[in-house]
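An overview of the molecular structure
If you want the building blocks of each chain, they are given just below.
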Amino acid sequence: MSQQGAAAADNGVSPGNVPVCYYGGAGRVPAAMERRVRAAELFLRCAACGLAVLAAALLGADRQTRVIFTIQKEARFTDMQSLVFLVIANGMAACYSLLQGARCMVSILTGGVLISRPMAWAIFSCDQVMAYFTISAVAVAMEAAMIGKYGNMQFQWMKTCHLYKRFCAQAGGAVACAVAVSLNMVCISLLSAFNLFRLYGSGKGRK
């Protein structure tokens, strides 16, 4: 390395043979790392969108009819407010992930980088809210599922899954997909935190 290249490296500037992505005057990220970060974010958002759509579709189409003492009763997800909340949460997560995935795709195709701190804060905040929202919806749905599976003797709530086995099995698959969605949203929120706080790095001593 020449003296000029060494001096440039000491000042935290690329000597010219290391591809970097610049984030204003705050920090520099190697181009290879930037591509991996973008690919990971796009994959996570697409996976969250697909799983959220699957969970909402499974619950929306879940119904079973039984005849109990000459009375015909149809079990639907609308009979439990927790499942309605889960459908709404997954619908919102799917729409949000689709929009953010489109943004990631445009960023990859155009080669642009995120340089706006307000935009990074907005994405980070929305990701955090969506992660908490999906986790809360899953927690409520899982509690209702446990009551339906095992009942609650203290409150004299009888179990119902032995009467509607197919309905409960499909609802269980939807809840499992919703759990995967919430885990994806947690990973996405961590990645968006990384994308945000690296904008505040000093960048000194980096090639």
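Residues numbered from 1 in each chain as written. Predicted model: local features only at pLDDT ≥ 70, side-chain atom pairs only at ≥ 80, totals over all residues. Heavy atoms only, no water.

The helix and strand tally for the protein chain stands at five helices and four strands. Beginning at the N terminus, the succession of helices and strands in the protein chain can be written as α-β-β-α-β-β-α-α-α. Taken over 207 residues, the protein chain has a buried fraction of 38%. Within the protein chain, contacts between residues separated by at least 24 positions form 76% of all contacts whose residues are at least 6 apart in sequence. Surface summary for the protein chain: the accessible area is close to 11900 Å², and the carbon and sulfur share equals 68%. (Helix = DSSP H or I, 4+ residues; strand = E, 2+ residues; numbered from the N terminus. Buried < 20%, exposed > 50% of the residue type's maximum accessible area, 1.4 Å probe, protein only. Contact = heavy atoms within 4.5 Å. Areas by Shrake-Rupley, 256 points an atom, 1.4 Å probe, with all protein chains shown as cover.)

As defined by bridge partners, strand β3 (residues 63-68) adjoins strand β4 (residues 71-76) across six bridges and the pair is classed as antiparallel. Following the sheet pairing, T65 is matched in β4 by E74. The turn joining β3 and β4, which pair antiparallel and follow one another in sequence, is formed by two residues; a positive phi near 55° is taken by F69. (Pairing = 2+ DSSP bridges.)

Attention shifts here to the UniProt feature "transmembrane region" (unreviewed entry) in the protein chain. Taking the numbering used here, the UniProt-annotated feature "transmembrane region" (unreviewed entry) corresponds to residues 42-60, 80-99, 106-124, 130-150 and 171-197. For residues 42-60, the end-to-end C-alpha separation is 27 Å, with 100% helix and 0% strand making up the annotated structure. (UniProt positions renumbered as here; feature names shortened; annotations may be inferred.)

Moving on, we come to the side chain of S97. The topology assignment puts S97 in helix α3 (residues 81-110). Among the polar contacts made by the side chain of S97, one reaches the main-chain carbonyl oxygen of A93 at a distance of 2.8 Å. Contacts of S97, omitting those with residues within four sequence positions, involve R45, A48, C49 and M185. (Polar contact = N/O pair within 3.5 Å; in protein donor to acceptor, adjacent residues only side chain to side chain.)

We now examine the packing of α3 against helix α4 (residues 117-150). α4 packs onto α3 with a crossing angle of 155° between their chain directions and a minimal axis gap of 9 Å. Taken together, α3 and α4 sit at an angle that is classed as roughly antiparallel. Considering how the two elements wind past one another, α3 and α4 form a crossing that is left-handed. Residue-level inspection shows S82, L83, F85, L86, A89, M92, A93, Y96, Q100 and R103 of α3 in contact with α4, the latter providing I123, C126, D127, M130, F133, T134, S136, A137, V138, V140, A141 and A144. (Axes fitted to C-alpha atoms, helices over the stretch in contact; angles between N-to-C directions. Parallel < 35°, antiparallel > 145°, perpendicular 65-115°, else oblique. Left-handed = near helix turned anticlockwise from the far one by under 90°.)

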